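Remarks on the overall topology
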Amino acid sequence: TQTVSQSDAHVTVFEGDSVELRCNYSYGGSIYLSWYIQHHGRGLQFLLKYYSGNPVVQGVNGFEAEFSKSDSSFHLRKASVHWSDSAVYFCAVSAAGYQNFYFGKGTSLTVIP
Amino acid sequence: EAAVTQSPRNKVTVTGGNVTLSCRQTNSHNYMYWYRQDTGHGLRLIHYSYGAGNLQIGDVPDGYKATRTTQEDFFLLLELASPSQTSLYFCASSDKLGEQYFGPGTRLTVL
């Protein structure tokens, strides 16, 4: 069974700051890692995913994530946040060849204008 | 863009009541999912399906039934609703490993 851990329940930054949201996983095999964003009162939206190749993947709106096998991590980053980035961010893992997804508990990002 | 719709958006019922939540996707995706979202738990998978007539059990299936009538439609059934099933329910569809597309959610309150 795969597990996903998002160590920070809440992160607060100022507009224009950079931010990193952490995600660690545990699974021994090949996996897909992905990030989703959930604005208040809305459904989750897919941001980006990684399976193989370049460990840094680009997503929408300037988000990127970096995979590290040695750290079992897939952290999400943005160089300069905007107030509209305030949302809850979920990391998810799914085993290659399977369509089950396991989600972390989410990190709530607050961007102060 | 992927389109997943859910109805109703809000539902209030009483303990022991019968509830059906509906989900429709127009993405031509094979996989559809039902999740519940609760504070402190994130998203938990209830049931999923890889095609009409198919049903797979998720991680928290107790008290829930589901049925996939067509490629587009996936229903979640609570035949004897309990207050512990008060939650925000999301439907999602997928056809690519690692990517899911979510509906707007249904908030269910069981009194």
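You'll find the structure just up there.
Anyway, here's the lowdown on the structure attached to this text. (Residues numbered from 1 in each chain as written. Chains lettered and ligands numbered in written order. Predicted model: local features only at pLDDT ≥ 70, side-chain atom pairs only at ≥ 80, totals over all residues. Heavy atoms only, no water.)

Quick look at the overall build of chain B
We count it as follows: Starting at the N terminus, helices and strands are each numbered in turn, a helix being any DSSP run of H or I of at least four residues and a strand any DSSP run of E of at least two. It is over C-alpha atoms that the radius of gyration is taken, and the globule rule equals 2.2 Å times the number of residues to the power 0.38. Partly exposed describes any residue whose relative accessible area lies between the buried limit of under 20% and the exposed limit of over 50%, with all areas from a 1.4 Å probe on protein chains only and scaled to the type maximum. Note on contacts: a residue pair qualifies if any of its non-hydrogen atoms lie within 4.5 Å across the two residues. Computed by Shrake-Rupley with a 1.4 Å probe, the accessible areas treat only the displayed protein chains as cover when residues are assessed. Charged-residue counts in this description rest on Lys and Arg as positive and Asp and Glu as negative, His and the chain ends being excluded. Every charge is mapped onto a representative atom, which is NZ of Lys, CZ of Arg, CG of Asp or CD of Glu.
Looking only at helices and strands, chain B has 0 helices and 11 strands in total. Counting helices and strands in the order they occur from the N terminus, chain B gives β-β-β-β-β-β-β-β-β-β-β. In summary, chain B has a C-alpha radius of gyration of 13 Å against a globular reference of 13 Å for 111 residues, a match within 12%. The principal-axis extent of the C-alpha atoms belonging to chain B is close to 35 × 30 × 25 Å. Buried positions account for 50% of the 111 residues belonging to chain B. Sequence-distant contacts, at least 24 apart, represent 53% of the contacts inside chain B between residues at least 6 apart. Accessible surface for chain B amounts to roughly 5000 Å². Of this, 50% is attributable to carbon and sulfur atoms. Here chain B carries 9 positive and 9 negative side-chain charges, and the mean point of each set is 6 Å from the other.

What about the state of the cysteines?
Covalently bonding the sulfur atom of one cysteine to the sulfur atom of another cysteine gives a disulfide. Definition in use: Cysteine sulfurs are considered disulfide-paired once they come within 2.5 Å of each other.
Within this structure, the stated rule accounts for 2 disulfides over all chains. A sulfur-sulfur distance of 1.9 Å marks the disulfide that ties A:C23 to A:C91. One disulfide, between A:C23 and A:C91, carries an S-S torsion of -65 degrees and so falls in the left-handed class. With A:C23 in the loop between strand 3 (19–21) and strand 4 (24–26) and A:C91 in strand 10 (residues 87–95), this pair connects stretches of sequence that are 68 residues apart. Residue pairing for B:C23: its cysteine sulfur links by disulfide to B:C91, the two sulfurs lying 1.9 Å apart. Taking the torsion about the S-S bond as the criterion, the B:C23 to B:C91 disulfide, at about -75 degrees, is left-handed. With B:C23 in strand 3 (residues 19–25) and B:C91 in strand 9 (residues 87–96), this pair connects stretches of sequence that are 68 residues apart. Both residues of the pair, B:C23 and B:C91, count as buried.

Some thoughts on the interface of chain A and chain B
Operational definition: Buried area: the sum, over both parts, of the accessible surface (1.4 Å probe) that disappears when the two are put together. When a carboxyl oxygen of Asp or Glu is within 4 Å of a side-chain nitrogen of Lys or Arg, the pair counts as a salt bridge. Whenever a nitrogen or oxygen atom comes within 3.5 Å of another N or O atom, the pair is scored as a polar contact, on the condition that within protein one atom can donate a hydrogen and the other can accept it, and that pairs from neighbouring residues in sequence are kept only if both atoms are in side chains. Amino acids outside the nonpolar list (Ala, Val, Leu, Ile, Met, Phe, Trp, Tyr, Cys, Pro) and the charged list (Asp, Glu, Lys, Arg) are all regarded as polar, and Gly is one of them.
On the side of chain B, 24 residues touch chain A, which itself brings 21 residues to the contact. Between chain A and chain B lies a buried interface of about 1800 Å² when both sides are counted; carbon and sulfur atoms form 55% of it. Summed over the shared surface of chain A and chain B, the result is 1 salt bridge. A salt bridge links A:K49 to B:E99, with the shortest nitrogen-to-oxygen separation between them at 3.1 Å. The interface formed by chain A and chain B includes 4 residue pairs in polar contact (both at pLDDT 80 or more). Among the elements of the structure, strand 5 (31–38), strand 6 (45–50), strand 10 and strand 11 (102–103) of chain A are those that each provide at least two residues to the side of chain A that touches chain B. If you tally residues by element for the side of chain A that touches chain B, the top one is strand 5 of chain A, at 4 residues. A per-class count over the side of chain A that touches chain B returns 9 nonpolar, 9 polar and 3 charged.

Focus on the packing of aromatic side chains
For any pair of aromatic rings, the description rests on two quantities: the centre-to-centre distance and the angle between the ring planes. Keep this limit in mind: Side-chain rings of Phe, Tyr and Trp (the six-membered ring for Trp) are treated as a pair once their centres are within 6.5 Å; stacked means planes under 30 degrees apart, edge-to-face means over 60, and tilted covers the remaining angles.
Tallied over the full model, the rule gives 20 aromatic pairs over all chains. When the ring of B:Y33 is compared with that of B:Y35, the centres are 6.1 Å apart and the planes differ by 20 degrees; the resulting orientation is stacked. Both residues of the pair, B:Y33 and B:Y35, count as buried. For the ring pair B:F90 and B:F102, a centre distance of 6.4 Å and an interplane angle of 80 degrees mean the geometry is edge-to-face. Of this pair, B:F90 sits in strand 9 while B:F102 sits in strand 10 (residues 99–102), and the two are 12 residues apart along the sequence. Among the residues examined, B:F102 registers a relative accessible area of 10% and is labelled buried. Members of the aromatic cluster, each reached through a chain of ring pairs, are A:Y36, A:F46, A:F101, A:F103, B:Y31, B:Y33, B:Y35, B:Y48, B:Y50, B:F90, B:Y101 and B:F102.

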